[in-house]
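# Observations on chain architecture
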Amino acid sequence: MTFKALAPLIGAALFLAPSLAHAGDDWITKQSPKSVADTVAALTAAIEQAGAKVALTLDHQANAKSAGLELPATTVVIFGNPKLGTPLMQENRRIALDLPQKMLVWDEDGQTMVGYVEPEELAERYDIDDDAEPVEAMEKALDKLSDAAIAE
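Reference entry: report on the structure contained in this document. (Residues numbered from 1 in each chain as written. Predicted model: local features only at pLDDT ≥ 70, side-chain atom pairs only at ≥ 80, totals over all residues. Heavy atoms only, no water.)

The next thing to look at is the nonpolar core. Of all hydrophobic cores here, the largest spans 35 residues; its most connected members are Leu43, Ile47, Phe79, Ile95, Met103, Ile128 and Leu145. Only strand E2 (27-32), helix H2 (36-49), strand E4 (74-80), strand E5 (101-108), strand E6 (111-117), helix H5 (119-125) and helix H6 (133-150) provide two or more residues apiece to this core. If one sorts the elements of this core by residue count, H6 sits on top with six residues. If sequence neighbours within four positions are ignored, leucine 43 has contacts with Val77, Met103, Val105, Leu145 and Ala149. (Core = buried A, V, L, I, M, F, W, Y, C linked by side-chain atoms within 4.5 Å. Buried < 20%, exposed > 50% of the residue type's maximum accessible area, 1.4 Å probe, protein only. Helix = DSSP H or I, 4+ residues; strand = E, 2+ residues; numbered from the N terminus. Contact = heavy atoms within 4.5 Å.)

So this is what it looks like as structure tokens:
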């Protein structure tokens, strides 16, 4: 599903809950009062302060521009913590396809959004108990990191 297709879901959810929205059943999205660039900077700083490692910051807008195309600000931050990811891969190595974790920061009609796939969804996708300690730890970590990214 494209983000354009998700936009109506995100908008409806934001109407019902201004600071936190569930886009579909497997996404968490939050609004940021900052620009995409400032939100990405806050997110990467929070990741590093938490002891995780930023593997890559992928600026899709810049990549589109290099191909002569236009795209609103859209950045994926890929990061991980082996203490959380390794136990999940020990359960089912196929989850490695979705790890390290990714968080999307994008401009949605002038509003900066932060979103990620819920760890429970990843656990379900790979037949891992969603109550497993690493899954719950990942949920808490992503919530804290996304909150830090949007904090004023």
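Okay, the pattern of salt bridges next. Scanning all chains against the criterion turns up three salt bridges. For arginine 125, the salt bridge is made with aspartate 98, and the minimal N-O distance between the two is 3.0 Å. Taken as a pair, arginine 125 in helix H5 and aspartate 98 in the loop between helix H4 (82-91) and E5 lie far apart in primary sequence, 27 residues in all. What makes aspartate 98 buried here is its relative accessible area of 18%. By sharing partners, the salt bridges in this structure join Lys30, Asp143 and Asp147 into a single network. (Salt bridge = Lys/Arg side-chain N within 4 Å of Asp/Glu carboxyl O.)

Residue proline 100 is bonded to the preceding leucine 99 through a cis peptide linkage, with omega at 0°. The topology assignment puts proline 100 in the loop between H4 and E5. At aspartate 109, a position not held by glycine, the phi torsion is positive, near 55°. One non-glycine residue, aspartate 127, adopts positive backbone phi at about 55°. Here aspartate 127 shows up in the loop between H5 and H6.

This next bit is on the packing of H2 against H6. Helices that pack against each other are described as a pair by the angle of their axes relative to one another and the distance between those axes. Following both chains from N to C, one finds H2 and H6 inclined at 140°, their axes separated by 7 Å at the closest point. Comparing the axis directions of H2 and H6 gives the class oblique. Note on packing geometry: the crossing formed by H2 with H6 is right-handed. Residue-level contacts link Thr39, Ala42, Leu43, Ala46 and Ile47 of H2 to Leu145, Ala148 and Ala149 of H6. A class-by-class count of the residues in the contact of H2 with H6 yields seven nonpolar, one polar and no charged. (Axes fitted to C-alpha atoms, helices over the stretch in contact; angles between N-to-C directions. Parallel < 35°, antiparallel > 145°, perpendicular 65-115°, else oblique. Left-handed = near helix turned anticlockwise from the far one by under 90°. Nonpolar A, V, L, I, M, F, W, Y, C, P; charged D, E, K, R; others polar.)

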